[in-house]
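Structure assessment
One-letter residues, chain by chain:
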Amino acid sequence: LMTRTRLAGLSKGGLLALAMAILLAACGGDPAPLPVVVPREACGPPTSPAPEVDDLGGVAHAVVSLEDVRVGRAFELPDRPPLMNRVGCRFEPHVLTVGGGWPVRFRSSDPVIHNVHGFRSDGSTWVDAALPEAGSELLRVVPRSPQALRIVCDSAHPWALGWIHVFEHPYHAVTGRDGRYRIDGIPEGTYRVRLWHEGFQPRGEDADGRPRYSAPIILTRTVSISPQQETSADFTLDAQSARQAGD
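Here the structure is a predicted model, which means the values were calculated and not measured. (Residues numbered from 1 in each chain as written. Predicted model: local features only at pLDDT ≥ 70, side-chain atom pairs only at ≥ 80, totals over all residues. Heavy atoms only, no water.)

When you go through the protein chain residue by residue, the secondary structure sums to two helices and 18 strands. The 247 residues of the protein chain split such that 47% are buried. Total accessible area on the protein chain stands at roughly 12,100 Å², and carbon and sulfur atoms take up 49% of it. (Helix = DSSP H or I, 4+ residues; strand = E, 2+ residues; numbered from the N terminus. Buried < 20%, exposed > 50% of the residue type's maximum accessible area, 1.4 Å probe, protein only. Areas by Shrake-Rupley, 256 points an atom, 1.4 Å probe, with all protein chains shown as cover.)

As structure tokens, then:
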């Protein structure tokens, strides 16, 4: 697989907007789905745990962010805590971005028992609690340190997977279904842009029957943002980057 990313900066009142489109071209075929067993009456049709790629090659659920941000606006908690819902036995959204120390709501919209088991980046458990019925909710505070929290379900839904990325600043975004994202309000300066993707090469299943993919892929580029000037950068997400990330 190969993705090409594009970033563009647009100045407005001394603040910049940053936009990117990820386009994927298949080398030997799209990411192969792994077979899963899904109780249709509660979860609907089977959903592939393979990465989501649209007809034009856009890659969803990649996280793009700026590193080592020293200036800019504060990352303010919204009026209501961010929500990660269980819909059709999936985690929706699949990838959520929040601030360090923010509360996050977990809700179930399914008429089955669910579990929220979250792991910190060091592998330790952050949350492990049940969502026993439709409409049930949990409220938990995420760690303060920046990291990617991996979220799974231990209640007979081993294919279910979600991610919560914790940031100290607001300069980040998750790519949409078409592979596009937008980050607004970036001050003038030179930044390292970081792209994270959870990995896409199948690695079978773990001991609990969860589909496994290659390790998350992290790519970086340095860009300079200036008023009244567009800035572009390309990323490539391919088999080589997956091999370098490892298992």
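Glancing now at the pairing of strand 4 (residues 83-87). The sheet contact formed by strand 4 and strand 7 (residues 103-108) spans four bridges and is parallel. By the bridge assignment, Met 84 is partnered in strand 7 with Phe 106. Pairing analysis gives three bridges linking strand 4 to strand 5 (residues 90-92), with the strands arranged antiparallel. Its bridge partner lying in strand 5, Asn 85 is registered against Glu 92. Where strand 4 folds back on strand 5, the antiparallel hairpin that results is connected by two residues, among which Gly 88 adopts a positive phi of roughly 60°. (Pairing = 2+ DSSP bridges.)

One open sheet holds the four strands; their spatial order is 13-3-15-18, and the pairing between them is antiparallel. Either end of the sheet is taken by a strand with one partner, and the two such strands are strand 13 (172-174) and strand 18 (217-225). Across the sheet, the axes of successive neighbouring strands diverge by a mean angle of 20°, strand direction being ignored. Sheet topology note: the strand 3 (residues 63-67)/strand 13 ladder contains three bridges and is antiparallel. Bridging from a neighbouring strand, Ser 65 pairs with His 172 of strand 13. (Axes fitted to C-alpha atoms, helices over the stretch in contact; angles between N-to-C directions.)

Here the focus is the packing of aromatic side chains. Under the defined criterion, the tally for this structure stands at three aromatic pairs. Pairing Phe 106 with Trp 126 gives two aromatic rings, centres 6.1 Å apart and planes at 55°, and the pair type is tilted. Of this pair, Phe 106 sits in strand 7 while Trp 126 sits in strand 9 (residues 125-131); the two residues are 20 residues apart in sequence, bridging distant segments of the chain. The residues Phe 106 and Trp 126 share a single accessibility class, namely buried. Centre to centre, the rings of Trp 163 and Trp 196 are 5.0 Å apart; their planes meet at 70°, and the pair counts as edge-to-face. (Phe/Tyr/Trp six-rings, centres within 6.5 Å; stacked < 30°, edge-to-face > 60°.)

Pairing is mixed across the open sheet formed by four strands, whose spatial order is 5-4-7-10. Of all strands in the sheet, those bounded by a partner on one side alone are strand 5 and strand 10 (137-141). Strand after strand, the sheet turns through a mean of 20° between neighbouring axes, direction not considered.

With that out of the way, let us pick up the nonpolar core. As a rule of thumb, soluble globular proteins bury nonpolar side chains together. Judged by nonpolar contacts, the single largest core of 20 residues is most densely connected at Val 98, Phe 106, Trp 126, Val 142, Ile 151 and Ile 164. Put simply, the parts of the chain that give this core at least two residues each are strand 6 (95-99), strand 7, strand 9, strand 11 (147-152) and strand 12 (161-167). The element best represented in this core is strand 9, accounting for four residues. Leaving out residues up to four positions away in the same chain, Trp 126 has contacts with Phe 106, Gly 118, Phe 119, Arg 120, Arg 140, Val 141, Val 142, Pro 143, Leu 149, Ile 151 and Ile 164. (Core = buried A, V, L, I, M, F, W, Y, C linked by side-chain atoms within 4.5 Å. Contact = heavy atoms within 4.5 Å.)

Let's shift gears to the pattern of salt bridges. In this structure the tally under the stated criterion is five salt bridges. With a closest N to O distance of 3.0 Å, Glu 92 and Arg 90 form a salt bridge. On the basis of relative accessibility, which here comes to 30%, the residue Glu 92 falls in the partly exposed class. For Arg 90, a relative accessible area of 29% gives the class partly exposed. The closest approach of N and O atoms between Arg 105 and Glu 137, which form a salt bridge, is 3.7 Å. Of this pair, Arg 105 sits in strand 7 while Glu 137 sits in strand 10, and the two are 32 residues apart along the sequence. On the basis of relative accessible area, Arg 105 is assigned to the buried category, the value being 10%. Under the relative-accessibility criterion, Glu 137 is labelled partly exposed at 40%. (Salt bridge = Lys/Arg side-chain N within 4 Å of Asp/Glu carboxyl O.)

Along the chain, Ala 129 falls in strand 9. As for Ala 129 and His 114, which are separated by 15 residues in sequence, their C-alpha atoms are 8.8 Å apart.

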